[in-house]
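Structural description and commentary
Residues per chain, in single letters:
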Amino acid sequence: MRLADTGDLWWRSAVVYCLDVETYRDGDGDGVGDFTGLTESIPYLEQLGITCIWLMPFYPSPDLDDGYDVSDFYAVDPRLGSLGDAVEFIRTARSRGIRVIIDLVVNHTSDKHPWFVQAKRSRNSRFRDFYVWRDRPTRNSKNTVFPGEEESIWEWEPKTEQYYLHSFYTHQPDLNLANPHVRDEISKIVAFWLALGISGFRIDAVPFLLEGEGAPYPVDPHEFLRDLKRFVRRRSSEAMLLGEVALPHDRQLDYFGGPHGGELDAQFDFTLMNALYLAMVRRDAEPILRSLRSRPSTSEPVTWGNFLRNHDELTLQMLGDDEKEEVFAAFAPDAEQRIYGRGILRRLAPMLDGDPRRLQLAYSLMFSLPGCPVLYYGEEIGMGENADLPGRATVRSPMQWAPARNGGFSTAPPSRLPNALTAGGYGPDHVNVRNQQMDEESLFHFIRALIARYRTTPEIGWGDCEIVEHPNPGVLAHILRTDGEGGMLALHNLTAEPQTVALPTSTDLGGEVLTDMLHLHEIALDPQRSTDVELGPYGFQWLQITPPGGAIV
Ligand code: TEU
């Protein structure tokens, strides 16, 4: 690794923070979060230390799927501000060293998008082939993403007497990527937002986009991603593509463009995310080891987005049925906490009973495993879900800034907020930014410290990951380093009991001193004998390996 490269391929060591403008901060007092409020929050995000904000959809929308039903790709939902407000935000974030990436939702549009409105009027509309039409539903028509809410992925359109494809909700007709005019439109959308100063895209639902049911493409579907990547590179030298590819590891390599890259620069790691939950339930490192070993090796400049929660249900689809039941039983014991037979409608802090040791362990793992960490707003203060909200809205309640009315999110009457705030023990009176900023023992300060350490340790995103073999099944020991020297040894005790771990000799480890980067103390290694390290219940250490004569950063 050359340090200079970390500036070019910035996504390999980024700290991403996902938020929804609508629920982050209301700047004009109308009850809805907006770009003005978000811009005012930039100093907070700078203090936290994140390097990249991922904005969930903020486009005009009927808002039947939290904005993932877009009716105009070139504008801002007027409730959230103007295009000018968005540009002010992007520019201000940028001036503080924070890049902005945005959700690109082009698997489908809203059925209120002018393309679809025209396409459904006549079979002769020039927009007809922007969508996927069939006389009869295909065989797998019941394979819907939202079982219980949708019955089929085909919807009858009576006026023109054909079915249209919708992989998600009925009101979200799938775009036809095989149509070159659709691809041209997508290029224009991408170019438009790049011109306004954003640094890349989180591409929604990539496998659906490329391999939509009933939409067999005459060309290699990956050609689209390759073209998109090349186009984006031409328009912006720094732009990156982060894909939502909720597939097993062995199918993800293709979406990077194979071993030589050229498609997505980053993908979320759903398999590792699931493994982290299983490991926490079992208090055993094995699922994490298994998951790290199944990751396809990528020599090209790509990375994995490591996350514990996002705005959707916590999907457990990468686990076997029995494993899924284990996680359900531990973290979602009530049927109302589950959805679609595969997911959990909760945030992390309540799932871990608010236990600070387990929360710290979970985030320490997320930040130290190879890849780039992706936080969902409110995680840094341990926000809980609002179980009174319907479906996936449970985890989309407003950001909790202060122990004040509406949690400091808005000065409007509570009835005007997009989603009600969480009540009870995880409500803003107990869980909020202001109190945690003043408390050095808080989760906020802990996450802030992790971010700072992650940012001075580019080996986490760039290095090779070596697993250290040892006899404690409840402890994960892994090393991240580049060029076979120095680097970092991370130890994580997944159990509730103290553990003693025998460290390799200094000769085997390639360093004479280990410096605990979080708790700031040193361990001297012996060249011949192993050295014991004690880990408390759910304890962890990030140990910088200092080669003989090496300096500590
Ligand atoms: O989700 C797309 C997707 O692939 C889903 O399977 C997702 O992982 C989850 O299970 C849905 O709850 C994206 C967005 O993240 C989601 O919020 C949208 O509803 C969906 O696209 C449709 O736009």
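Residues numbered from 1 in each chain as written. Predicted model: local features only at pLDDT ≥ 70, side-chain atom pairs only at ≥ 80, totals over all residues. Heavy atoms only, no water.

Some remarks on the overall build of the protein
Within the protein one finds 19 helices and 22 strands. For the protein, the spread of C-alpha atoms along the principal axes amounts to about 80 × 55 × 45 Å. Burial statistics for the protein: of 553 residues in total, 63% are counted as buried. For the protein, long-range pairs separated by at least 24 residues make up 68% of all intrachain contacts whose partners lie at least 6 apart in sequence. Charged side chains in the protein number 52 positive and 80 negative. The centres of these two groups are separated by 5 Å. (Helix = DSSP H or I, 4+ residues; strand = E, 2+ residues; numbered from the N terminus. Buried < 20%, exposed > 50% of the residue type's maximum accessible area, 1.4 Å probe, protein only. Contact = heavy atoms within 4.5 Å. Lys, Arg positive; Asp, Glu negative; His and termini not counted. Charge placed at Lys NZ, Arg CZ, Asp CG, Glu CD.)

Some remarks on unusual backbone geometry
Here Asp-353, not a glycine, exhibits a phi torsion of approximately 55°, which is positive. With respect to the helices and strands, the residue Asp-353 is situated in the loop between helix H14 (348-351) and helix H15 (356-368). In this structure, Tyr-538 is a non-glycine residue whose phi angle is positive, near 55°. Residue position: Tyr-538 is located in the loop between strand E21 (531-535) and strand E22 (540-546).

Thoughts on the nonpolar core
With 148 residues, the main nonpolar core has Tyr-17, Leu-55 and Tyr-363 as its most contacted residues. With nine residues, the single largest contributor to this core is helix H11 (residues 270-282). Not counting chain neighbours up to four residues away, the residues in contact with Tyr-363 comprise Leu-308, Leu-348, Leu-375, Glu-379, Leu-443, Phe-446, Ile-447 and Leu-450. (Core = buried A, V, L, I, M, F, W, Y, C linked by side-chain atoms within 4.5 Å.)

Structural notes on the pattern of salt bridges
Counted under the stated rule, the structure contains 30 salt bridges. Taking the shortest distance from any N to any O, the salt bridge between Arg-392 and Asp-65 comes out at 3.0 Å. With Arg-392 in the loop between strand E14 (372-376) and helix H16 (433-437) and Asp-65 in the loop between strand E2 (52-55) and helix H5 (83-95), this pair connects stretches of sequence that are 327 residues apart. Overall, the relative accessible area of 8% leaves Asp-65 in the buried class. In this structure, Asp-204 and Arg-202 form a salt bridge, with 2.7 Å as the shortest nitrogen-oxygen distance. Across the pair, Arg-202 and Asp-204 agree in class, each one buried. Salt bridges sharing partners connect three or more residues here, namely Asp-65, Asp-66, Asp-312, Arg-392 and Arg-396. (Salt bridge = Lys/Arg side-chain N within 4 Å of Asp/Glu carboxyl O.)

Side note on the sheet that holds strand E10 (residues 303-306)
Around the barrel, which closes on itself, the eight strands sit in the order E1-E2-E3-E7-E8-E9-E10-E14 with parallel pairing between neighbours. Strand-to-strand twist across the sheet, computed as the mean angle between neighbouring axes with direction ignored, equals 25°. Bridging between strand E1 (residues 16-19) and E2 involves four bridges; their strand directions are parallel. Following the sheet pairing, Tyr-17 is matched in E2 by Ile-53. Along the sheet face, H5 touches E2 and strand E3 (99-104) and points at about 140° away from the line of E3. Together, E3 and strand E7 (200-203) form the strand contacts of helix H7 (residues 180-195), whose direction differs from that of E7 by roughly 135°. (Pairing = 2+ DSSP bridges. Axes fitted to C-alpha atoms, helices over the stretch in contact; angles between N-to-C directions.)

Side note on the site of the ligand
With respect to spatial proximity, 17 residues lie near the ligand, and among them Asp-65, Asp-204, His-311, Asp-312 and Glu-313 are the closest. Within the side chain of His-108, a nitrogen or oxygen atom sits 3.0 Å from an oxygen atom of the ligand. Between the ligand and Asp-204 there is a distance of 3.0 Å, counted from an oxygen atom to a side-chain nitrogen or oxygen. Expressed as a share of its isolated accessible area of 480 Å², the protein-covered part of the ligand is 97%. (Near = heavy atom within 4 Å. Polar contact = N/O pair within 3.5 Å; in protein donor to acceptor, adjacent residues only side chain to side chain. Areas by Shrake-Rupley, 256 points an atom, 1.4 Å probe, with all protein chains shown as cover.)

Some points on the sheet that holds strand E15 (residues 464-467)
For sheets, the rule is that strands pair by backbone hydrogen bonds, running either parallel or antiparallel. The strand order E15-E16-E17-E22-E19-E20 describes an open sheet built from six strands, whose pairing is antiparallel. A single partner strand is all that each edge strand has here, and the edge strands are E15 and strand E20 (522-524). Strand-to-strand twist in this sheet, taken as the mean axis angle between neighbours without regard to direction, amounts to 25°. Bridge count for strand E19 (residues 513-516) against E20 is three bridges, and the pairing is antiparallel. Bridged to Thr-515 within E20 is Glu-522. Its contacts with the sheet put helix H12 (residues 286-294) on E15 and strand E16 (475-481), and the angle it makes with E15 is roughly 140°.

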